[in-house]
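# Observations on the model geometry
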Amino acid sequence: MRTLKFLLRKEFRQIFRNRSLLPIIFILPMIQLLIMPLAANFDIRNINLAIVDQDHSSYTQRLISKIGSSGYFRITGFKPTYQKALGLVEQEKADIVLVIPQNFERNLIREGTQKVFLAADAINGIKGSLGSAYLTTVLTDFNSDIRTEWVQPQKLNAEATIDIVPENWFNPLMNYQFFMVPGILVILVTLVGGFIAALNIVKEKEVGTIEQINVTPIKKWEFIAGKLIPFWLIGSFDFTIGLLIARFVYGIIPVGHLAVLYLFLSIYLVALLGFGLLISTYSDNQLQAMFVAFFFIMIFILMSGLFTSVDNMPIWAKIISRLTPVTYFIDVMRMIVLKGSGLSDIKYQIFIEIAFAVGLNGWAIFNYRKTN
Amino acid sequence: MNQFGVFVQKEFYHVFRDKRTLLILFGLPIVQIILFGFALTTELKNAKLVVVDYAKDIASGQITARIAASPYFSIEKSVLSNEEMNIAFRRGEVKCALIFPSRFNEDLLHLNKAQVQIILDASDPNTAKTIANYLQSIIGDYQRKLNAGSSEPYKIEPELRMLYNPEMNGSMNFIPGVIALVLMIVCTTLTSVSIVKEKEMGTMEVLLVSPFKPIYVILSKAIPYLGLSLLNFIIILLLGVFLLDVPVRGNIVLLFAESTLFIISCLSFGLLISSFTDSQQTAMLISMMGMMLPTIIFTGFLFPIENMPLPLQIISNVIPSKWYYTIVKAIMLKGLGFQSIWKETLVLAAMTGVLLTVSLKRFKTRLA
């Protein structure tokens, strides 16, 4: 135990002496937490629309002002022909082109039906399909306005209608930040803990100081624990600051118990740091450790369900996702913070995370050899 | 010139000696392509839905059958009490509940009006919105079939065309994104580390006192990484074209020229990082940990930049990968020529110029 105390003192001294490392550990994550959630927004708005109005009737005027006031579209240009409007799409100045053909108003009333043309830039699939869906909704609304003006009311009521009453639980205002901030906080803790732990032992190898440790009577587990505990404390500290930012900047107050959150965090950090140390014991130099860590952490982040839901993945990808410790923490974080899930709701995740922690650290201790 | 060749050779030895790093260097883009191409999608599939049916009549049964038949939903359990439903939501076992009130069919037939309730797990607002949209369209279809007799007068029919990507191939959007992301991270890290390493190990001193000019020291470091990055670019491009059916519609020579420009700008950025760090650890943490999220987010391939608040839109302009992404999209997917992207190219070239000048100015030929 006394040895461990000395090891800890050494580690802390090394960390706090490194002036350029400190801002990376403490300040960089916080800045990212302040900026990223504002940017990571899937809520599609401000769709740039180019309009080709070949009719110039009162109906087209009404339609255009209705589109403008819907709040989703920004009309970026009126062009006489479709070809010219397509030029705006090529320059990325328009996402969708709406073509209102000649005699739009006359045909709609006389013939009872009229086509309009939409062309959407579909390179970004979500934007293309959501944008055209919004525009279609506006058109349908406009259509029923016209219809009510021309058709007697009793005829409309004859149709059977099903009213759909949606109710949004856990996040009634559909605030995307409520969803992203907890997830991004998990990623930031993961980046700090994972990378720094991965670089740590290998640095001693590269610089040569590991030899000095190897010839002392320090036991393997003491050495690993001495590396693990400081980063565990740093990770918890960063997490706490992050929670405060979430509380005071984004107004996110965890619905569930903080105690449950911290319980899970402490297990998660042990698992994550074990992973970092494992990479470190396998690597020969810092660049290698960093690249290996980057490789895995990148996969962890992409597969964790931070940006895209795990449910949408094919089976093999779901299995990979289940094999990464980050997935469970993002899950649990969102459950506790947004839904107020309690200990009994997350016991499955806790068991798995404990398994990760024991397995990864056991492997790291096993793989750390005191002889070359 | 011979001297220069020897130095380039030295750098190549450094690179090829470390097999594991090399493996990651080329494994990284391959894994990313596979994940982005086959695993990551915002398209809704198998969303877990629970139906609470108090009516148990024909109409509710038919709607449930339609929902079960769609690929978007998988129906979990069928009967739930309120209490059970709460727990299922809290544990994340279901994303949505559809509730039919009793006498659903009767209301529909006699009053011409009936209600269904949808409860959504809005902790993920985007999925919640998509689920609501799909359910609405399924129920709307059913309603239209019910009213098949009466026709709708004065109908506007929108005719939709999806430009550049009619099959809605999701890979289209991210292949340029992955190229930008991988090149940015890999080039920046490699250059900054390789220079800082010489400082840390003390070998920089040796290089600087040799008759070899400092500028050549830097150049000889840049050339191997330029080569490796171009190779990486080719691999991603080939995977994209042959594995994911992403077309290259424009001029391939132009694409390579622009990519080389982008790689040079990343290398200069790495050089800049190396000029104000003195340990490998710091250089790596800045170029990887610091750059990863900003590059993912500000390149614009995951989150549209127009959605961001104005200050962030302005910030995104200083990220070189954003400009490169626009260029690659224009050449590869839209098949446009140089006249449509000269502005972006100019911005990228100007950035490269500034980065290069600043970092060369800061590059110290004397060690403190």
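For clarity, every value in this text was computed on a predicted model and none was experimentally measured.

What counts, and where the lines are drawn
Residues numbered from 1 in each chain as written. Chains lettered and ligands numbered in written order. Predicted model: local features only at pLDDT ≥ 70, side-chain atom pairs only at ≥ 80, totals over all residues. Helix = DSSP H or I, 4+ residues; strand = E, 2+ residues; numbered from the N terminus. Rg over C-alpha atoms; globule rule 2.2 N^0.38 Å. Buried ≥ 20, exposed ≤ 12 C-beta atoms within 10 Å, placed from the backbone. Contact = placed C-beta atoms within 7 Å. Domains from an automatic or database assignment. Pairing = 2+ DSSP bridges. Axes fitted to C-alpha atoms, helices over the stretch in contact; angles between N-to-C directions. Nonpolar A, V, L, I, M, F, W, Y, C, P; charged D, E, K, R; others polar. pLDDT = per-residue confidence, 0-100. Core = buried A, V, L, I, M, F, W, Y, C linked by C-beta atoms within 7 Å. Expected span 1.5 Å × (residues − 1). Bend = angle between axes of the 7 residues up to and from the residue. Parallel < 35°, antiparallel > 145°, perpendicular 65-115°, else oblique. Left-handed = near helix turned anticlockwise from the far one by under 90°.

Assigned secondary structure in chain A consists of 16 helices and five strands. Compactness check: chain A gives a C-alpha radius of gyration of 29 Å against a globular reference of 21 Å for 372 residues, more than 25% above the reference. Projected onto the principal axes, the alpha-carbon positions of chain A cover approximately 95 × 45 × 40 Å. Split into buried and exposed, the 372 residues of chain A put 45% on the buried side.

Glancing now at the overall build of chain B. Per the secondary structure count, chain B includes 14 helices and five strands. For 368 residues, the compact-globule formula gives about 21 Å, and the C-alpha radius of gyration of chain B, at 28 Å, lies well above that figure. For chain B, the spread of C-alpha atoms along the principal axes amounts to about 95 × 50 × 40 Å. Relative to its 368 residues, chain B shows a buried fraction of 43%. In chain B, the proportion of contacts linking residues at least 24 apart, taken out of those at least 6 apart, comes to 80%.

On to the domain arrangement of chain B, then. The domain boundaries assigned to chain B delineate domain 1 (2-40 + 170-362) and domain 2 (47-146). The distance between the C-alpha centroids of domain 1 of chain B and domain 2 of chain B comes to 48 Å.

The next thing to look at is the sheet that holds strand 5 (residues 161-169) of chain A. Taken together, five strands build an open sheet; the order of strands is 5(A)-4(B)-3(B)-1(B)-2(B) and the sheet is mixed. Of all the strands in the sheet, the pair left with one neighbour each is strand 5 of chain A together with strand 2 (73-75) of chain B. Along the sheet, successive strands turn relative to each other by an average axial angle of 25°, direction set aside. The pairing of strand 1 (residues 47-53) of chain B with strand 3 (residues 96-100) of chain B spans five bridges and is classified as parallel. Directly across from Val52 of chain B, in strand 3 of chain B, lies its bridge partner Ile99 of chain B. Along the sheet, helix 4 (residues 82-90) of chain B makes contact with strand 5 of chain A together with strand 1, strand 3 and strand 4 (113-121) of chain B, crossing strand 1 of chain B at roughly 175°.

Each partner contributes residues to the interface: chain A has 99 residues there, and chain B has 94 residues. For the side of chain A that touches chain B, a count of residues per class yields 56 nonpolar, 26 polar and 17 charged.

What follows concerns the confidence of the model for chain B. Residues and elements named next belong to chain B. Residues of chain B with pLDDT of at least 70 account for 95%, and the chain-wide mean is 84. By mean pLDDT, the top-scoring element of chain B is helix 10 (residues 252-275) (91), and the lowest-scoring one is strand 5 (residues 155-163) (76). We note a pTM of 0.81 for the whole complex and an ipTM of 0.78 for its interfaces.

Attention now goes to the nonpolar core. Ranked by internal contacts, the top residues of the largest apolar core, which has 211 residues, are Val97, Phe195 and Met290 of chain A together with Cys96 and Leu183 of chain B. Looking at this core element by element, the count peaks at 19 residues for helix 9 (residues 176-207) of chain A. Those residues in contact with Leu183 of chain B that lie beyond four places of it in its chain are Ser229, Asn232, Phe233, Phe262, Ile263 and Cys266 of chain B.

What follows covers the environment of Met333 of chain A. Note that Met333 of chain A resides in helix 15 (residues 325-339). For Met333 of chain A, a count of 23 C-beta atoms within 10 Å puts it in the buried group.

A separate point is the domain arrangement of chain A. Each domain of chain A was delimited in the assignment, giving domain 1 (2-40 + 173-367) and domain 2 (47-157). For domain 1 of chain A and domain 2 of chain A, the distance between their C-alpha centres works out to 49 Å.

Residues and elements named next belong to chain B. Within strand 3, five of the five residues are buried, leaving the element largely enclosed by the surrounding structure. On strand 3, burial covers both faces: Cys96, Leu98 and Phe100 on one face and Ala97 and Ile99 on the other are all buried. Sheet topology places strand 3 next to strand 4; four bridges connect them, and they run antiparallel. Across the sheet, the residue bridging to Leu98 is Ile118, located in strand 4.

Moving on: helix 11 (residues 280-298) of chain B. Residues and elements named next belong to chain B. The end-to-end C-alpha separation of helix 11 is 26 Å, in line with the 27 Å expected for 19 residues at 1.5 Å each. The sharpest bend along helix 11 reaches about 45° and sits at Met291, with the proline Pro294 one to four residues further on. Among the 19 residues in helix 11, 18 count as buried, and that is most of the element. Phi turns positive, to about 95°, at Gly300, one or two residues after helix 11.

Once that is clear, we can look at the environment of Leu348 of chain B. Residue and element names in this part refer to chain B. Relative to the helices and strands, Leu348 is located in helix 14 (residues 338-362). Note: C-alpha distance between Leu348 and Gly250 (98 residues apart in sequence) is 19 Å. Contacts of Leu348, omitting those with residues within four sequence positions, involve Leu261, Phe262, Ser265, Pro320, Trp323 and Tyr324.

Ordered by their spatial adjacency, five strands build an open sheet running 2(A)-1(A)-3(A)-4(A)-5(B), and the pairing between neighbours is mixed. Edge strands, defined here as strands with exactly one partner in the open sheet, are strand 2 (73-78) of chain A together with strand 5 of chain B. Across the sheet, the mean angle separating the axes of adjacent strands is 25° when strand polarity is ignored. Bridging between strand 1 (residues 47-53) of chain A and strand 2 of chain A involves five bridges; their strand directions are parallel. When the sheet's bridge partners are listed, Ile47 of chain A is paired in strand 2 of chain A with Phe73 of chain A.

Let us look at the packing of helix 9 of chain A against helix 13 (residues 286-303) of chain A. All names here are of chain A. Two elements in contact, helix 9 and helix 13, have axes separated by 9 Å at closest approach and are oriented at 160°. Compared by their axis directions, helix 9 and helix 13 come out roughly antiparallel. Read as a crossing pair, helix 9 and helix 13 show a hand that is right-handed. Taken together, the residues of helix 13 that come into contact with helix 9 (itself represented by Ile187, Thr190, Leu191, Gly194, Phe195, Ala198, Leu199, Val202, Lys203 and Glu206) are Gln286, Ala289, Met290, Ala293, Ile297, Phe300 and Ile301. Here the residues of the contact of helix 9 with helix 13 sort into 12 nonpolar, three polar and two charged.

Turning our attention to the confidence of the model for chain A. Predicted confidence across chain A gives a mean pLDDT of 86, with 97% of residues reaching 70 or more. Predicted confidence in chain A is weakest over helix 8 (residues 153-157) of chain A, with a mean pLDDT of 55, and strongest over helix 12 (residues 258-282) of chain A, with 92.

This next bit is on the packing of helix 9 of chain A against helix 11 (residues 220-248) of chain A. All names here are of chain A. Taken N-terminus to C-terminus, the directions of helix 9 and helix 11 make an angle of 160°; their axes are 10 Å apart at the nearest point. For the element pair helix 9 / helix 11, the angle class is roughly antiparallel. Regarding helix 9 and helix 11, the two cross each other, and that crossing is right-handed. In contact with Val181, Leu185, Leu188, Val189, Val192, Gly193, Ile196, Ala197, Asn200 and Ile201 of helix 9, helix 11 contributes Lys227, Phe231, Ile234, Gly235, Asp238, Phe239, Gly242 and Ala246. Here the contact of helix 9 with helix 11 is built from residues that sort into 12 nonpolar, four polar and two charged.

Our next topic: unusual backbone geometry. A positive phi angle, close to 50°, is found at His56 of chain A, a residue other than glycine. Considering the arrangement of structural elements, one finds His56 of chain A in the loop between strand 1 and helix 4 (58-69). The exposure class assigned to His56 of chain A is exposed, which follows from the 12 C-beta atoms found within 10 Å. A positive phi angle, close to 50°, is found at Lys56 of chain B, a residue other than glycine.

To continue, consider the environment of Phe212 of chain B. Residue and element names in this part refer to chain B. Within the secondary structure, Phe212 is located in the loop between helix 8 (203-209) and helix 9 (214-244). Accessibility expressed as a C-beta count within 10 Å gives 15 for Phe212, which makes it partly exposed. Distance from Phe212 to Phe7, taken between C-alpha atoms, is 9.5 Å for residues 205 residues apart in sequence. Here Phe212 is in contact with Gln3, Phe7, Leu207 and Val217, once residues within four sequence places are set aside.

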